[in-house]
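Read off the chains here:
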Amino acid sequence: MKDALGSPQSVLVLGGGSDIAIATVRLLAGSRAERVVLAARRPEALDGAVDDIRSAGARIVETVRFDATDFASHEAFVDDAWERFGDFDLVLFAFGVLGDQTRSENDPAAAVDVIQTNFTGAASVAIPVARRMLAQGHGSIVVLSSVAAERARRANFVYGSSKSGMDQFFQGLGDMLHGHGVHVMVVRPGFVRTKMTAGMQAAPFSTTPEEVARAIARGLERGKEKIWVPGPVRAIATAMHHIPRPIYRRLPL
Ligand SMILES: NC(=O)c1ccc[n+]([C@@H]2O[C@H](COP(=O)([O-])OP(=O)(O)OC[C@H]3O[C@@H](n4cnc5c(N)ncnc54)[C@H](OP(=O)(O)O)[C@@H]3O)[C@@H](O)[C@H]2O)c1
């Protein structure tokens, strides 16, 4: 159960190697998250993250194997997680791939991989997670969407559309769970300096995993349903959303 201050004590991270996720659980471990389970394709690569989260204050840090694109495994994966570790106060959906837009435009398999990971994979595992959370009657689901979900850009519309689909899915899930003790928060970061963006030129208002982590912790405390990180990207994305298409098409986006 969340403690008296509303801080989650048990956390499941899907995509446990994500830089944003690790910064977030490190922060939460410092404010009383006792038990953290990192689920990743290669749990054996997470020793450093496990040590980090333990040093930040978590008593129990475990890793389990999870692949977002192995849809057939998702129900059993969720059942195992709840049976082995008990209820979770927070499930953080952090897995995702950026893909390569040019490759996706030329190879359907590449586009499908981005869409299946970011959208289909998230929806597939969210359904059994939501069922478990409904049954326990409490908890938060936090999902790392993106500012790219607001309006697809020519330069990365495969990634943008996959995030848009998942963003809408989780907003709907939040409506479904509303009133049943389970809260869903959609997080829309702008450009974050992580493994995913390594070597890329930073966009305006670029930020860090630690800043996203602080925004997530604040959002959880306040029961927010959607947050943008950093705050100004909200105004930019909203303005972009309303630009007429003939003009939008000509912008260097
Ligand atoms: N960085 C940004 O600018 C930014 C901005 C907005 C939103 N986001 C979103 O934030 C989330 C976290 O990204 P990040 O910046 O922290 O990048 P990251 O460090 O590269 O984390 C992404 C994680 O997703 C995992 N993953 C990829 N495919 C998977 C699959 N099929 N099954 C399980 N795990 C899988 C990767 O695991 P492996 O180690 O196995 O590859 C990696 O640990 C992503 O959803 C991303 O789209 C990022």
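Above this text sits the structure in question.
What you see is a predicted model; the values in this text were computed from it and never measured. (Residues numbered from 1 in each chain as written. Predicted model: local features only at pLDDT ≥ 70, side-chain atom pairs only at ≥ 80, totals over all residues.)

### Here we look at helix α6 (residues 157–177)
Taking 1.5 Å per residue as the helical rise, α6 with its 21 residues ought to reach 30 Å, and the 30 Å between its terminal C-alpha atoms agrees with that figure. All buried positions along α6 are accounted for by Val 158, Tyr 159, Gly 160, Ser 162, Lys 163, Ser 164, Met 166, Asp 167, Phe 170 and Leu 173. On the buried face of α6, the contacting elements are α4 (101–106), α5 (108–136), β5 (139–144) and β6 (182–189). Immediately beyond the C-terminal end of α6, within one or two residues, lies Gly 179, with a positive phi of roughly 90 degrees. (Helix = DSSP H or I, 4+ residues; strand = E, 2+ residues; numbered from the N terminus. Expected span 1.5 Å × (residues − 1). Buried ≥ 20, exposed ≤ 12 C-beta atoms within 10 Å, placed from the backbone. Contact = placed C-beta atoms within 7 Å.)

### Observations concerning the packing of helix α1 (residues 19–30) against helix α2 (residues 47–56)
Where α1 contacts α2, the axes come no closer than 7 Å and their chain directions differ by 25 degrees. One finds that α1 runs roughly parallel with respect to α2. Across the interface between the two elements, Ile 22, Val 25, Arg 26, Ala 29 and Gly 30 from α1 touch Ala 49, Asp 52, Ile 53 and Ala 56 from α2. Of the residues assigned to the contact of α1 with α2, the class counts are six nonpolar, one polar and two charged. (Axes fitted to C-alpha atoms, helices over the stretch in contact; angles between N-to-C directions. Parallel < 35°, antiparallel > 145°, perpendicular 65-115°, else oblique. Nonpolar A, V, L, I, M, F, W, Y, C, P; charged D, E, K, R; others polar.)

### Some thoughts on the pairing of strand β7 (residues 226–229)
Pairing of β6 with β7, which is carried by four bridges, proceeds in the parallel orientation. Residue pairing across strands places Pro 189 opposite Val 229, the latter belonging to β7. In this view, the connection linking β6 to its parallel neighbour β7 by way of helix α7 (residues 209–222) has left-handed handedness. (Pairing = 2+ DSSP bridges. Right-handed = clockwise from strand over helix to strand, strands pointing away.)

### So, unusual backbone geometry
The linkage connecting Val 229 with the following residue, Pro 230, adopts the cis geometry, with an omega of -5 degrees. Summarising the element assignment, Pro 230 is placed in the loop between β7 and α8 (232–241). Residue Phe 205 is not a glycine yet carries a positive backbone phi of 65 degrees. Locating Phe 205 in the fold gives a position in the loop between β6 and α7. What makes Phe 205 partly exposed here is the crowd of 15 C-beta atoms within 10 Å.

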